[in-house]
Amino acid sequence: MKGRRELLLKEVVDCYIRTRQPVSSRTLVEEYGHRFSSATVRNELAALEREGYLWKPYPSSGRIPTKAAFRFFAEWLLELAEIKERPETLPAEPPEIVPQELPELLRRTALLLSTMTGQLAFVLAPEVEALRLAGLVMRRIGPGAVLVVVLSELGVVESRVLQLREDLPPEVVGQVEAVLSRRVRGLTLRQLVELGDLEVEGWHDRTVLAALDLLKGLAQEGLRRRLYVEGVTQLLRGLSDQPPAWAMERVCGLLRLLEDERRFAEILGHLRQDQQGLTVTVGESKVPELSDFSLVTAPYFGESGMLGVIGPLWLDYARSFSATRYVASRLKAILATAGRIQEVSA
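Residues numbered from 1 in each chain as written. Predicted model: local features only at pLDDT ≥ 70, side-chain atom pairs only at ≥ 80, totals over all residues. Heavy atoms only, no water.

Peer 1: I'd love a proper account of the environment of Glu44, names of residues and values included.
Peer 2: With respect to the element layout, Glu44 can be found in helix α3 (residues 38-50). On the accessibility criterion, Glu44 (9% relative accessible area) is buried. Measuring from C-alpha to C-alpha, the distance between Glu44 and Ser25 comes to 9.3 Å, with 19 residues separating the pair along the chain. A distance of 2.8 Å separates a polar atom in the side chain of Glu44 from a polar atom in the side chain of Arg4. (Helix = DSSP H or I, 4+ residues; strand = E, 2+ residues; numbered from the N terminus. Buried < 20%, exposed > 50% of the residue type's maximum accessible area, 1.4 Å probe, protein only. Polar contact = N/O pair within 3.5 Å; in protein donor to acceptor, adjacent residues only side chain to side chain.)

Given below as structure tokens:
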């Protein structure tokens, strides 16, 4: 599809996104200042309808874009804007953003992206098992009980209470922390599973080995990969002109998908397979929960940490593209700063 027909299709989608009303040939001629006559535009729109890009709710109405039309428009806009991932030039965030705030940072990022786009936004945390460990923090919290906090290159990974066979004073717990931190620093949780027994000497060897077993247990059980979601109200507002039963069915299905964090992460990986940078998926038929939505995603930590927006097929693509790419760039800069802080403090 080239030339006049392609141009008219882009204008129909653009006009529908802005007005949420069926688009007539007269509207296109008046709004876009065409040199084409209404009759010529009407013929082209009829051809687009036959090709599956437009449809009419009733015979005398204007036309509404189909999923194929929204997909064509989104992919064209993505290519036109040339906002595939490229070297970032944005400055890093100030160093007061500390690694320990990672969960709250990701939640605030989802809220920011939702506010900027007016859509539902999500941030998928990086795959925990692949993160490099920066060390441990161990604190005695009671007789025979020690709190173990696992620190990664991005901050806190997990915290657990370790029950000891004997009670240790705080200064001894501090020595155990130093021994174990040196041993595991730079490893991933996956590598910990394959780590052999430590050679330690002295009265605290059993405590060191117990803490190491705790770390291995965390890696073997598979830590939950957290998903932060904000903007459900915005999503409902975007569907407010649709039949209530239809809208609620779609939203409830989507929310059930987002509750299953592991499945949603697998779907994202499949949709982004062999793609890098900013991507868009429109009306994915292979995932029923996404078949009536558009999904814009961008990486912020390799291809493991991902964020994006989910909205109706008629979402503002230009706004969603620019906001998603910008927020991903800022989060990447913040985490780079956090990693440098963690290296200095380790």
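After that view of the structure, there is still more to cover.
Peer 1: Any chance you could break down the packing of aromatic side chains for me, citing the residues and the numbers?
Peer 2: In this structure the tally under the stated criterion is seven aromatic pairs. Ring geometry for Tyr317 against Phe321: centres 6.1 Å apart, planes inclined by 55 degrees, an arrangement best described as tilted. With a gap of four residues between them, Tyr317 and Phe321 both fall in helix α12 (residues 317-345), about one helical turn apart. Put simply, the rings of Phe73, Trp76, Tyr317 and Phe321 touch in pairs and so form one group of aromatic residues. (Phe/Tyr/Trp six-rings, centres within 6.5 Å; stacked < 30°, edge-to-face > 60°.)

Peer 1: Give me the nonpolar core: which residues, what numbers.
Peer 2: Phe70, Ile310, Tyr317 and Phe321 are the most contacted members of the largest nonpolar core, which totals 74 residues. With eight residues, α12 is the largest single contributor of residues to this core. Residues in contact with Phe70, not counting those within four places in the same chain, are Val13, Tyr16, Ile17, Pro65, Val282, Leu313, Trp314 and Tyr317. Counting residues in each nonpolar core, the second largest holds 15 residues, with Leu133, Leu136, Leu164 and Val176 among its members. (Core = buried A, V, L, I, M, F, W, Y, C linked by side-chain atoms within 4.5 Å. Contact = heavy atoms within 4.5 Å.)

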